[in-house]
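Observations on the model geometry
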Amino acid sequence: MRHAVEGVGEYALICLTSANGAHLLFEALAAVGLDARAFGGGTKNEQVGGERTGAAGEVQAPSGAADAGAQAKGGTKIAAIGPGTARALAEHGIAADIVPEHFVAEALVKALAVVEVEGRKVLVARAAEARDVLPDALRERGAEVDVVALYETVREEPSTEAIEAGQSADYVTFTSSSTVRNLTEALGYRFPLDARIVSIGPITSEAARAAGLQVHVEAERHDINGLVAALLVDASAR
């Protein structure tokens, strides 16, 4: 990972798939004495996809940060899988060039179709257990892809009190495939089977169904705000 971080300015494209990944990438840069300037010299930003991440729109950088990001990035394009990831980048002075309309890897692959990657270096910074949809698609287009695992999801063992409290839950929310796997493995037969299942998006829903759960609600917008909104709509209708 250190080599990829130190040579971050050599990449034509950097893809980040979570807010955690964005923050941890900058922690890794700081650990080797680098900051946003490591991305190169100044060019104009181009926005692709359904979200703007510059001075206007829903995802905004702090005052002056969008300009700083444009100056920092140079020829390196930055892709974020959703607005939460874009906001995390903006906190570090980087305005994402590409944010897809739907916040799943397949949508990011589609959004990146306008970016020339053949024969160019691409960095995918992500969780250790992430799917390979994005790096595989980029390699198929001839990119030289480096995948850096910045973090891994580790399951905590719930206390007896937490398990007992959870059994009376009206809703269970899942924000990723790993949360489905970890919770069902941790609870086993103690899972609250009468609870309504709310999923953040189609990949998570697929994991829930594979675990034998019925998904009652799937968020239209695949982020935390979308998940909460979907739950509230469902609760108000009951």
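Here goes a summary of the coordinates provided.

Rules and cut-offs
Residues numbered from 1 in each chain as written. Predicted model: local features only at pLDDT ≥ 70, side-chain atom pairs only at ≥ 80, totals over all residues. Heavy atoms only, no water. Core = buried A, V, L, I, M, F, W, Y, C linked by side-chain atoms within 4.5 Å. Buried < 20%, exposed > 50% of the residue type's maximum accessible area, 1.4 Å probe, protein only. Helix = DSSP H or I, 4+ residues; strand = E, 2+ residues; numbered from the N terminus. Phe/Tyr/Trp six-rings, centres within 6.5 Å; stacked < 30°, edge-to-face > 60°. Lys NZ or Arg CZ within 6 Å of the ring centre and 35° of its normal.

To continue, consider the nonpolar core. With 26 residues, the main nonpolar core has Ile14, Leu16, Phe39 and Leu89 as its most contacted residues. The set of elements that each furnish at least two residues to this core consists of α1 (2-6), β1 (13-16), α2 (19-31), β3 (77-80), α4 (83-91), β5 (121-127) and β6 (144-151). Judged by nonpolar contacts, the second largest core, of 16 residues, contains Leu13, Ala111, Val122 and Val124.

Turning our attention to the packing of aromatic side chains. Under the definition given, this model contains two aromatic pairs. Between phenylalanine 174 and phenylalanine 191, the aromatic rings sit 6.4 Å apart at their centres with planes inclined by 15°, giving stacked as the arrangement. One end of the pair, phenylalanine 174, is in strand β7 (residues 171-174); the other, phenylalanine 191, is in the loop between α8 (177-187) and β8 (196-199), with 17 residues separating them in the sequence. Phenylalanine 191 matches phenylalanine 174 in its accessibility class, with the two residues each being buried. Lying over the aromatic face of tyrosine 11, lysine 121 brings its terminal NZ or CZ to 4.8 Å of the ring centre. Looking at arginine 190, its charged tip hangs above the ring of tyrosine 189, at a distance of 5.9 Å from the centre.

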